[in-house]
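Per-entry structural report
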Amino acid sequence: MNQEQFIHAHEQQWLILEVLLSPSLRSLLKHEPENKLKNSWFKSWKQNRAAKKKATQKSPNEEKIALLEPELISQADFPGLYREVCQHLSLAQSRRYSPHLIERLNFLISQAHQIFYRQSHVHGESALAALTAFFTRTFPQTVRNESQWLWFSSLVFYLPLILMIVLIQLWPEFVYSVMSPDMVSGMEAMYDPQAEHIGRERGSDSDSKMFGFYIFNNTGIGFRTFATGLLFGIGSIVTLLFNGLHIGAAAGHITQIGYGSTFWPFVSGHSAMELTAIALSGAAGLKLGFSLLMPGRKTRYQAMLDTARVSVKIMGGAALMFFIAAFIEAFWSSSQTIPANIKYVVGVIMWLIVFAYFAFVGHEREQEEKHQ
Amino acid sequence: MLDTIKIAETPEGVELKLTCVSFFARSLAWFIDFLIQSAVVVLFLFILPRLGDFGMGLLFIIMFFLHWLYPVFFEIYFQGQTPGKKMMKIQVLLIDGTMVNWGASLLRNLLRTVDFLPFFYALGVATMLMSKDFRRLGDLVANTIVVYKRELKEKVILKQGEAEITACAPEMTLSAREQQIILSYAERFNQFSPERAEELALLAVPLLNELPVSAQDKPSNPASERLLGIANYLMGRR
């Protein structure tokens, strides 16, 4: 079979595949006969549009595509076509057909391959269904499986935090070891019970502004905690320690000077979400960094690749927790009409919810999957 | 074999050639994206503060999404191409040549932070220049690669001066390597002086079992015209 016969025999399949791969070419397909258009004005508009489309050419094979029957496209079997064209390419290569033809088949196959073998856990599912599956199954399961990293990261984060609170009760001037005098006085002004507003430099009418700021700032810190973990875990450890020391120093100092009655109700609502999200970001980063240090029986690179895939899931879930924390902090924690006791109760409930979520959600499906 | 070509094998046994994108083209794509991101921020900086605190909140959220998730959004929903990459005709793929997924895209864009260290992408650029396929740290971790997007090529009609050269079949079957040599010759034809082009063609034409050149007396540059004719044939123009 020479090249001409080969092209003649198979070109239709190539054209169909090309249309399937770039949906914009569909508009070129055979349209209804023109006499159906009654209005002449509409007709001329349509012709104008067709002319404009021609000017921006999408494919060198446009003329041939225009001759295809639309039914061929709607009834086309993409996997079958893809495999056949793969075979055509092998034939064309072994028969040494022209490079142009081989390039054309190569183009079709590389595009089809990108789509056909796309790695996705959500075949045919909507984005919402995928998101639900992630938060009712993948995220809590992953965190449970990687709980040792969460404990490790919590240790690095909470230990200096608690230590700092205790030390400052004993030696109040200890706060200046991590904070400058300016920062300390700024913080004192923020939580002064005599002041009209509490929280980070704000009036209560700026809730929505602070919501945006918390998302921008806190989630960004979480992302950085995770990413810098790639440097053998050092970045994550430093960020966790730094945040632990600072939060501890702030809490310790405010309590020590007797402003605790404004501080603790303020932070209790969003503490569960925010602190856990920081610990999770750290856990994801530590896991990534330590995969390079302790690759086990894999090569260092392979160990990191496998770990990164898991870590990014933890980080994705933590990002949403940062959003929720930002929402609570901006619209609930800052409210001054709600009594402190209710805020404490809500704070405890939030911690219970977070614990229950990671302990109990997604168990049944986990077992189902193991049985399969 | 050029070392900017990465071969990915499909399960069907077809070898796909991925052309890796060098540091320079990638920086340009990044710069275009950076300009777009900055333009959007500046635009909202003028509009949103007039809406008071609500506008400021929205501005922060927009800045957050532009900074972290702008590339992820485009890589997922526009075939691995942010606007900058689309302009440079490049795209992000997984290392096996398939479309990038959520996890990989999120990873490579979150790890920009590390690539940015210690200042202005120094680590990223160093990694890109040292790694074989111009991959920055984010690419290495997410197992992605930035490649030139393939495009369906038009058939090129070779001309000598103004006249089109009619395609003619070679009289023997040519190996892929031989075909490639003839096509490279045709590609660079316009950079040669006519005499040099003829001289080079005279080396090849006798090897192709063609008629002795002196027998054809009509064209002024018979050998190069014959070779371009074969090149036209090889490129699929008959």
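Residues numbered from 1 in each chain as written. Chains lettered and ligands numbered in written order. Predicted model: local features only at pLDDT ≥ 70, side-chain atom pairs only at ≥ 80, totals over all residues.

A look at the overall build of chain A
- When helices and strands are counted, chain A shows 15 helices and 0 strands.
- Within the span of chain A, comprising 372 residues, buried residues form 38% of the whole.
- Restricting to contacts in chain A with at least 6 residues of sequence separation, those with at least 24 account for 82%. (Helix = DSSP H or I, 4+ residues; strand = E, 2+ residues; numbered from the N terminus. Buried ≥ 20, exposed ≤ 12 C-beta atoms within 10 Å, placed from the backbone. Contact = placed C-beta atoms within 7 Å.)

Topic: unusual backbone geometry
Residue and element names in this part refer to chain B.
- Residues L117 and P118 are joined by a peptide bond in cis, for which omega reads -15 degrees.
- Along the chain, the position of P118 falls in the loop between α5 (112-116) and α6 (122-130).
- A positive phi angle, close to 50 degrees, is found at Q79, a residue other than glycine.
- Residue Q79 is classed as partly exposed on the basis of its 19 C-beta neighbours within 10 Å.
- A positive phi angle is found at F120, which is not glycine, with a value near 35 degrees.
- Using a count of 9 C-beta atoms within 10 Å as the deciding quantity, one classes F120 as exposed.

Re helix α1 (residues 3-21) of chain A
- The largest bend in α1(A) is about 50 degrees, located at H10(A).
- Within α1(A), the full set of buried residues consists of W14(A), L15(A), I16(A), L17(A), E18(A), V19(A) and L20(A). (Bend = angle between axes of the 7 residues up to and from the residue.)

Concerning the interface of chain A and chain B
- With 48 residues of chain A at the contact, the number on the chain B side is 46 residues.
- When residues of the side of chain A that touches chain B are traced back to their parent elements, those giving at least two are α5 (78-94), α6 (99-116), α10 (207-227) and α13 (300-333) of chain A.
- Sorting elements by how many residues they give to the side of chain A that touches chain B places α10(A) first, with 13 residues.
- Its residues placed into classes, the side of chain A that touches chain B shows 23 nonpolar, 15 polar and 10 charged. (Nonpolar A, V, L, I, M, F, W, Y, C, P; charged D, E, K, R; others polar.)

Here's the deal with the environment of E15(B)
Residue and element names in this part refer to chain B.
- Among the structural elements, E15 can be located in strand β2 (residues 15-19).
- Sequence separation of E15 and F192 is 177 residues, and the distance between their C-alpha atoms is 34 Å.
- With residues near it in sequence (within four places) discarded, E15 still touches I7 and E9.

Let's talk about the domain arrangement of chain B
- You can read the domains of chain B as domain 1 (5-148) and domain 2 (159-234).
- Taking the mean C-alpha position of each, domain 1 of chain B and domain 2 of chain B sit 44 Å from one another. (Domains from an automatic or database assignment.)

Looking at the pairing of strand β4 (residues 144-148) of chain B
Residue and element names in this part refer to chain B.
- Counting buried positions over the 5 residues of β4 gives 4, a clear majority of the element.
- The pairing of strand β3 (residues 90-94) with β4 spans 5 bridges and is classified as antiparallel. If you follow L93 over to β4, its bridge partner there is I145. (Pairing = 2+ DSSP bridges.)

Thoughts on the packing of helix α1 (residues 23-47) of chain B against helix α2 (residues 53-77) of chain B
Residue and element names in this part refer to chain B.
- Between α1 and α2, the least distance of the axes is 10 Å, while the angle of their chain directions is 175 degrees. On the basis of their axis angle, the class for α1 and α2 is roughly antiparallel. The segment α1 lies against α2, with Q37, V40, V41, F44 and L45 engaging L59, I62, M63, L66 and Y70.
- In the contact of α1 with α2, the residues fall into 9 nonpolar, 1 polar and no charged. (Axes fitted to C-alpha atoms, helices over the stretch in contact; angles between N-to-C directions. Parallel < 35°, antiparallel > 145°, perpendicular 65-115°, else oblique.)

Overview of the packing of helix α8 (residues 147-170) of chain A against helix α11 (residues 234-256) of chain A
Residue and element names in this part refer to chain A.
- The interhelical angle for the contact between α8 and α11, taken along N-to-C directions, is 30 degrees, at an axis separation of 7 Å. By the criterion of interaxial angle, the relationship of α8 to α11 is roughly parallel. Seen from above, α8 lies across α11 with right-handed handedness. (Left-handed = near helix turned anticlockwise from the far one by under 90°.)

Overview of the confidence of the model for chain B
- Per-residue pLDDT for chain B averages 82, and the proportion of residues at 70 or more is 86%.
- Reported confidence for the predicted complex is 0.81 by ipTM and 0.80 by pTM. (pLDDT = per-residue confidence, 0-100.)

Focus: the pairing of strand β1 (residues 5-9) of chain B
Residues and elements named next belong to chain B.
- With 0 of 5 residues buried, β1 is to be regarded as a mostly surface element.
- Here β1 runs beside β2; their pairing, made up of 5 bridges, is antiparallel. Pairing of A8 across the sheet is with L16, part of β2.
- Turn length for the β1-β2 hairpin, with the two strands adjacent in sequence and antiparallel, is 5 residues, and the turn residue G13 shows positive phi of about 85 degrees.

Details of the environment of A176(B)
Residue and element names in this part refer to chain B.
- Relative to the helices and strands, A176 resides in helix α8 (residues 176-187).
- Look at A176 and you get exposed, because 11 C-beta atoms sit within 10 Å.
- Measuring from C-alpha to C-alpha, the distance between A176 and H67 comes to 47 Å, with 109 residues separating the pair along the chain.

Digging into the environment of S261(A)
- With respect to the helices, strands and loops of the structure, S261(A) is situated in helix α12 (residues 260-293).
- Ignoring any residue separated from it by four or fewer positions in sequence, one finds S261(A) in contact with P193(A) and A340(A).

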